[in-house]
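A closer look at the structure
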Amino acid sequence: MSSDDKRPRGSLKPPFALISDIHSNLPALEAVFADIAARGIERVVCLGDIVGYGPDPFACWQLVRARCSIIIRGNHDQALGAKDLGNFHPRARSAIEWTRNQLLDAEYGPEIIKTLINLPRTAKVGKYLFVHGSPVGPTMEYLLPGDSYDKPLMAREFARVPAGGVAFNGHTHIPGVIIKGSRFLPPEALSGEKIELLGRQAIINVGSVGQPRDGNPQSCYATVDMGDVVSFHRIDYDAEGVCKRILAVKELDPFLGQRLLAGY
Ligand code: ZN
């Protein structure tokens with residue numbers, strides 16, 4: 001048996017890019033994919049919430065499906081199949097219902113919805129774990145910056161992170177890094193907005209492509225390079241154009257457009 005035969009199946013070698021929380025924002029997604037391509041990176045992992053909130057659910061799904069090698073299910077993707085949306089904020093609920101109708105009107109709409117709601121909740125590839133929310137609650141649980149001070153919670157979360165590896169998540173739309181035993185650090189607290197992992201266990205939130213909420217309206221995503229350095233990237237796109245299109249759809253709350261301009 002050659003040494004190659006002993007490699008874990010489905011290995012994912014850097015460089016690769018990570019995107020999350022696209023939320024039907026096509027101009028932001030296109031700008032991010034253009035930046036990924038300009039870096040010569042081919043492999044892209046999507047951590048979910050492809051749809052919900054924005055005006056282009058079908059086009060965003062088409063692009064993610066064509067370009068991403070791993071796609072994780074987000075809570076908004078999952079909600080397309082839910083009968084009861086009572087646990088969602090009214091403006092999110094209305095956006096989900098509008099999104100579902102948009103997809104049902106598209107070619108192969110029912111199949112697309114079926115695919116989205118059946119996306120995997122997690123993927124573990126070698127030393128990387130990919131989730132939407134958190135290692136403990138892969139689809140629904142929010143891991144907010146302040147949670148990094150909760151030692152019992154962090155112990156439960158890190159127990160699910162591969163040894164010497166990293167869990168990548170999204171869901172809060174707030175990018176940053178939690179190295180085991182340390183507090184949450186936003187990208188701007190890292191030297192050069194990047195971090196060398198050095199075999200340390202970490203939970204890394206890659207931020208949001210389509211609806212950033214960290215006060216910076218630029219689209220956010222992350223890359224992992226061959227030296228296991230994780231870098232955060234901020235990309236300009238036409239947020240005003242997307243805002244205008246959201247304001248033109250009565251089922252989409254105007255706040256969903258306005259917040260894109262402020263990044264909160
Ligand atoms: Zn989201």
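Reading the values: rules and limits
- Residues numbered from 1 in each chain as written.
- Predicted model: local features only at pLDDT ≥ 70, side-chain atom pairs only at ≥ 80, totals over all residues.
- Heavy atoms only, no water.
- Donors = N, O, S within 2.8 Å, 3.2 Å for Na, K, Ca; no water.
- Tetrahedral: all angles 85-135°; square planar, octahedral: opposite > 155°, others 65-115°.
- Helix = DSSP H or I, 4+ residues; strand = E, 2+ residues; numbered from the N terminus.
- Buried < 20%, exposed > 50% of the residue type's maximum accessible area, 1.4 Å probe, protein only.
- Pairing = 2+ DSSP bridges.
- Core = buried A, V, L, I, M, F, W, Y, C linked by side-chain atoms within 4.5 Å.
- Contact = heavy atoms within 4.5 Å.

Some details on the coordination of the zinc ion
Distances from the zinc ion to its protein donors, namely Asp21 (OD), His23 (NE2), Asp49 (OD) and His173 (NE2), fall within the range 2.0 to 2.4 Å. Its four donor atoms give the zinc ion angles of 85 to 176° at the centre, a pattern that matches the irregular case. Donor residues for the zinc ion, ordered by position in the chain, follow D-x1-H-x25-D-x123-H. Placement of Asp49 in the loop between strand E2 (43-46) and helix H2 (57-67) and of His173 in the loop between strand E6 (166-169) and strand E7 (176-179) is noted, with a sequence separation of 124 residues between them. Residue classification places Asp49 among the buried residues on the basis of a relative accessible area of 1%. With relative accessibility at 2%, the residue His173 sits in the buried group.

A closer look at the sheet that holds strand E10 (residues 219-224)
Strand order across the open sheet formed by six strands is E3-E2-E1-E10-E11-E8, with mixed pairing between neighbours. Both edges of this open sheet fall to strand E3 (70-71) and strand E8 (194-196), since each of them pairs with a single strand only. Across six bridges, the pairing between E10 and strand E11 (residues 229-235) is antiparallel. Bridge pairing in E11 places Cys220 opposite Arg234.

Examining the nonpolar core
Among the nonpolar cores identified, the biggest contains 45 residues, and Ile19, Ile22, Ile36, Ile50 and Leu116 are the most heavily contacted of them. For this core, the elements supplying multiple residues, two or more each, are strand E1 (16-19), helix H1 (26-38), E2, H2, helix H4 (90-105), helix H5 (109-117), helix H7 (239-247) and helix H8 (254-262). The element contributing the most residues to this core is H1, with seven residues. For Ile50, the residues in contact, after removing those within four places along its chain, are Ile22, His23, Ser24, Cys60, Trp61, Val64, Ile71, Asp77, Leu116 and Leu119.

Remarks on the pairing of E10
Looking along a regular strand, one sees the side chains alternate between the two faces of the sheet. Summarising burial for E10: six of the six residues are buried, a large majority. Judged by which residues are buried, E10 turns out to be covered on both faces: Ser219, Tyr221 and Thr223 on one side and Cys220, Ala222 and Val224 on the other are all buried. Relative to E10, E1 runs antiparallel, the two being bridged by three bridges. Looking across to E10, one finds that Leu18 is bridged to Ala222. Taken together, E10 and the strand that follows it, E11, pair antiparallel across an intervening segment of four residues, in which Asp228 is found at a positive phi of about 60°.

This is a description of form; function is not addressed.
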